[in-house]
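# A structural walkthrough
Letter by letter, the chains look like this.
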Amino acid sequence: MLTIKNLSKQFDGVIAVENISISIKRGQTYGLVGESGSGKSTIGNITIGLLEPTSGTIKFKEKELWNKKGKFIRPPAGMMQIVFQDPQSSLDVRFTIKDIVTEPLRALPKQMQKEKFSNEYLVQLMRRVGMNEDHLNRYPHEFSGGQRQRIAIARAIITDPEFIILDEPTSALDVSVQAQILNLLKQLQKEMKLTYLFISHDMSVIRYMCDEIGVLYRGRLVEEGETEKLFLSPQEEYTKRLFSSLPRLSTVKEG
């Protein structure tokens, strides 16, 4: 689904990401973990087209996302989406929830826009993420952090994407709400056959969500492997220290 090869990014001569190569299979949840400043979000932002790479290649379904002139070549409209860390800042306070959720539809063909703008479809979408029909005409400030993140997820899935970047999607939420959002993401992945790039520094969240993980340290990929194998037998000292950190989400129950 996604192949990153020899990816590097510098900001004013400072290396943020150095020679990263990873591959994400269809239907997989791949986790990028590391401390703040390790380059996790930089990789996500380059993949979605918000930052230009310094060097290296990214292919989505075998097609280059960046050309040699530094121009982002967008995948078919709606195929790739992102959910940001803080739903309070990622939702425009001036828009109603209906305006926010339907904004990505502007990039779709007219017929698809018409279908997905229908009240019936929007009601089904809101219910799918655990929200109600009457929420569509309200504003972001009227909702809790968990509800706002559900709205952000609805905005991401309205285009029927195949790939979603989840950039610390639960770190701004209370622990009990985190569990609800993570279970929602797992449910949507199963129903919609989604592929996730999951970015987080919370090891318990990563262990619960991801099939495979890559460990970043100062912009470099220091270790990679299947989640359980890596948790049970990390090889690098940095990975051992990272995994020994106290988890903030101790248990996540299905449901």
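This text gives an overview of the structure that appears in the document. (Residues numbered from 1 in each chain as written. Predicted model: local features only at pLDDT ≥ 70, side-chain atom pairs only at ≥ 80, totals over all residues. Heavy atoms only, no water.)

### Remarks on helix 1 (residues 40–48)
Of all nine residues in helix 1, eight are buried; the element is thus mostly enclosed. Listed as buried for helix 1 are Lys40, Thr42, Ile43, Gly44, Asn45, Ile46, Thr47 and Ile48. One or two steps after helix 1, the chain reaches Gly49, where phi turns positive at roughly 100°. (Buried < 20%, exposed > 50% of the residue type's maximum accessible area, 1.4 Å probe, protein only. Helix = DSSP H or I, 4+ residues; strand = E, 2+ residues; numbered from the N terminus.)

### Describing the sheet that holds strand 8 (residues 195–200)
Read from one edge to the other, the open sheet built from six strands follows the order 6-7-8-3-9-10, with strand pairing classed as mixed. Each end of this open sheet is capped by a strand with a single partner; those strands are strand 6 (80–83) and strand 10 (220–226). With strand direction ignored, the average angle separating the axes of adjacent strands in the sheet is 15°. In the sheet, strand 9 (residues 212–217) pairs with strand 10 via six bridges, with the strands oriented antiparallel. Considered in strand 10, the bridge of Glu212 is made with Glu226. In this fold helix 7 (residues 175–192) packs onto strand 3 (29–33), strand 7 (163–167) and strand 8, with an angle of close to 160° to the strand it touches most, strand 8. (Pairing = 2+ DSSP bridges. Axes fitted to C-alpha atoms, helices over the stretch in contact; angles between N-to-C directions. Contact = heavy atoms within 4.5 Å.)

### Observations concerning the sheet that holds strand 2 (residues 14–24)
Spatially, four strands are ordered 2-1-4-5 in an open sheet, and the strand pairing comes out antiparallel. This sheet does not close on itself; its edge strands, each paired only once, are strand 2 and strand 5 (63–64). Note that strand 1 (residues 2–11) and strand 4 (residues 55–60) share five bridges and pair antiparallel. Along strand 4, the bridge assignment pairs Leu2 with Phe60. Of the strands in this sheet, strand 1, strand 2 and strand 4 touch helix 1, which is tilted by about 115° from strand 1.

### Quick look at the nonpolar core
Judged by nonpolar contacts, the single largest core of 47 residues is most densely connected at Ile153, Phe198 and Met209. Once residues within four sequence positions are removed from consideration, Met209 is found in contact with Thr29, Leu182, Leu185, Lys186, Tyr196 and Phe198. Ile22, Ile165, Leu197 and Ile199 belong to the second-largest nonpolar core, a separate cluster that totals 26 residues. (Core = buried A, V, L, I, M, F, W, Y, C linked by side-chain atoms within 4.5 Å.)

### Considering the side chain of Thr195
Its place among the elements puts Thr195 in strand 8. With near-sequence residues (within four places) excluded, Thr195 lies in contact with Met1, Ile24, Lys25, Arg26, Gly27, Gln28, Glu162, Phe163, Ile164 and Gln189.

### Details of the packing of aromatic side chains
For the structure on display, the rule yields four aromatic pairs. Where Phe60 meets Phe163, the ring centres are 6.0 Å apart and the plane angle is 65°; that geometry is what we call edge-to-face. A residue pair is termed long-range when its members are at least 10 positions apart, and Phe60 in strand 4 and Phe163 in strand 7 qualify at 103 residues. Measuring from ring centre to ring centre gives 4.4 Å for Tyr217 and Tyr238, while their planes differ by 40°; the resulting arrangement is tilted. With Tyr217 in strand 9 and Tyr238 in helix 10 (residues 237–243), this pair connects stretches of sequence that are 21 residues apart. (Phe/Tyr/Trp six-rings, centres within 6.5 Å; stacked < 30°, edge-to-face > 60°.)

### Observations regarding the environment of Gly56
Along the polypeptide, Gly56 turns up in strand 4. The exposure class assigned to Gly56 is partly exposed, which follows from its relative accessible area of 37%. Remark: the alpha-carbon pair of Gly56 and Lys68, spanning twelve residues in sequence, is separated by 9.8 Å. Those residues in contact with Gly56 that lie beyond four places of it in its chain are Lys5, Asn6 and Leu7.

### Some words on the pattern of salt bridges
The final tally for this structure, using the stated rule, is nine salt bridges. Its salt-bridge partner being Arg94, residue Asp92 comes within 2.8 Å of it at the nearest N-O pair. Put simply, Arg26, Lys61 and Glu162 are held in one network by salt bridges that share partners. (Salt bridge = Lys/Arg side-chain N within 4 Å of Asp/Glu carboxyl O.)

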